[in-house]
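# Notes for the structure review
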Amino acid sequence: METTGDGVGGTLTPSGRLSSTPVTAAIMVAFVLAFVGFSVWVGSWYAAVKALHILLAIVWVGGGLMIQLFAFQVLKDPDDERIAKFAKDVEFISMRTFIPASLILVALGFVLMHQGHWAYHFWVVFALVVWALSFVGGAAFLGPESGRIGKLIEERGRVDAEIRSRIERILFHSRIELGLIALIAMDMVLKPGA
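The structure contained in this document is the topic of the report that follows. What you are looking at is a predicted structure, and each value in this text was computed from that prediction instead of being measured.

### Quick notes on unusual backbone geometry
Despite not being glycine, His117 has its phi angle at roughly 55°, a positive value. Tracing the backbone shows His117 in the loop between α3 (80-116) and α4 (122-156). If you check the backbone angles, Lys191 has positive phi at about 50° while not being a glycine. Assignment of secondary structure puts Lys191 in the segment after α5 (161-190).

Quick look at the structure:
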């Protein structure tokens, strides 16, 4: 059995065992059970929905921040394969994490508005408008451009100056989007005009 260091005190673990799909699924099941248990214990479905809403905001903002930080490292690397893999990974993660998280986040926001009998004050309208701008920008530019970049990399077999420039442009747009979604988070916490 192949072993690798796990980075904690120099101990060895079987390669891949701790990051396997069943282990990850077990962790997710434990989270869901704990979440449901806490929700029942607290006795407030409003609080449970709000907690899930906040968790999805953390995924959305935190994920966007991590991609940006990772991009700074990857784009310094002259290795075309690493840059190409990064571009494909970002598209994969965005389509399967950010889009669903943002849609569920907004749906839960409407549930919270209804359950909490909130009025559509400035802070709510502002958040919805900025969210819509972010979503449309992602759907109309970031997603399709990521796909086009991936196809160009496959066709050319390398990351040339044009592809690198397009990756940098898409990352610039995603930095703007990150600023927008962070602004939404601050708007939700501070509730200006409430």
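Now that the structure has been shown, we can carry on.
### What to know about the environment of Val106
With respect to the helices, strands and loops of the structure, Val106 is situated in helix α3. When the C-alpha positions of Val106 and Trp131 are compared, they lie 8.4 Å apart, and in sequence the two are 25 residues distant. Dropping the residues within four chain positions of it, Val106 is found in contact with Leu128 and Trp131.

### Re the packing of helix α1 (residues 21-42) against helix α2 (residues 45-76)
Interhelical geometry of α1 versus α2 gives an angle of 145° and a closest axis separation of 8 Å. Across from Phe31, Phe35, Ser39 and Val42 in α1, the residues of α2 making contact are Trp45, Ala47, Ala48, Ala51, Leu52 and Leu55.

### Looking at the nonpolar core
For soluble globular proteins, the rule of thumb is that nonpolar side chains tend to be buried together. The biggest cluster of nonpolar side chains holds 33 residues, and the ones touching the most others in it are Ile167 and Leu171. Of all the elements in the fold, those that place two or more residues in this core are α2, α3, α4 and α5. The greatest single-element share of this core, amounting to 11 residues, is contributed by α3. In contact with Ile167, other than residues within four places in its own chain, are Leu75, Ile83, Ala87 and Ile149.

### Quick look at the packing of α2 against α3
Relative orientation of the contacting elements α2 and α3 amounts to 160°, with a least axis distance of 9 Å. In this view, α2 runs roughly antiparallel relative to α3, as classed from their interaxial angle. Seen from above, α2 lies across α3 with left-handed handedness. Of the residues assigned to the contact of α2 with α3, the class counts are 24 nonpolar, 9 polar and 2 charged.

### Section: the side chain of Glu177
Along the chain, Glu177 turns up in helix α5. For the buried residue Glu177, which engages in no salt bridge, the nearest side chain bearing the opposite charge is Arg175, 12 Å off. Not counting chain neighbours up to four residues away, the residues in contact with Glu177 comprise Ser134, Gly138 and Leu142.

### Topic: a nonpolar patch on the surface
There is a patch of nonpolar side chains on the surface, built from Met28, Phe31, Val32, Val36, Val40, Trp45, Leu55 and Val59 and spanning about 710 Å² of accessible area. Of all the secondary-structure elements, those providing two or more residues to the nonpolar patch are α1 and α2. Looking at the nonpolar patch, the element that brings in the most residues is α1, giving 5 residues. With respect to the helices, strands and loops of the structure, Val36 is situated in helix α1. The class of Val36 is partly exposed, set by a relative accessible area of 39%.

### Here we look at the side chain of Glu145
Secondary-structure assignment places Glu145 in helix α4. A relative accessible area of 2% means that Glu145 is categorised as buried. A distance of 3.0 Å separates polar atoms of two side chains, one belonging to Glu145 and the other to Arg169. Other than its neighbours up to four places away in sequence, Glu145 contacts Arg166, Arg169 and Ile170.

### Focus on α3
Here α3 is 37 residues long and its end C-alpha atoms lie 51 Å apart, about the 54 Å a rise of 1.5 Å per residue gives. Ser94 marks the point of greatest bend in α3, at about 40°. Between a side-chain oxygen at the N-terminus of α3 and the backbone nitrogen of Glu81 the separation is 3.1 Å; the capping residue is Asp79. Immediately beyond the C-terminal end of α3, within one or two residues, lies His117, with a positive phi of roughly 55°.

Each value, and the rule that gives it
- Residues numbered from 1 in each chain as written.
- Predicted model: local features only at pLDDT ≥ 70, side-chain atom pairs only at ≥ 80, totals over all residues.
- Heavy atoms only, no water.
- Helix = DSSP H or I, 4+ residues; strand = E, 2+ residues; numbered from the N terminus.
- Contact = heavy atoms within 4.5 Å.
- Axes fitted to C-alpha atoms, helices over the stretch in contact; angles between N-to-C directions.
- Core = buried A, V, L, I, M, F, W, Y, C linked by side-chain atoms within 4.5 Å.
- Buried < 20%, exposed > 50% of the residue type's maximum accessible area, 1.4 Å probe, protein only.
- Parallel < 35°, antiparallel > 145°, perpendicular 65-115°, else oblique.
- Left-handed = near helix turned anticlockwise from the far one by under 90°.
- Nonpolar A, V, L, I, M, F, W, Y, C, P; charged D, E, K, R; others polar.
- Lys, Arg positive; Asp, Glu negative; His and termini not counted.
- Salt bridge = Lys/Arg side-chain N within 4 Å of Asp/Glu carboxyl O.
- Patch = residues over 30% accessible without salt bridge, like charges linked within 9 Å, V, L, I, M, F, W, Y side chains within 5 Å.
- Areas by Shrake-Rupley, 256 points an atom, 1.4 Å probe, with all protein chains shown as cover.
- Polar contact = N/O pair within 3.5 Å; in protein donor to acceptor, adjacent residues only side chain to side chain.
- Expected span 1.5 Å × (residues − 1).
- Bend = angle between axes of the 7 residues up to and from the residue.

Purely geometric stuff here, so don't read any function into it on its own.
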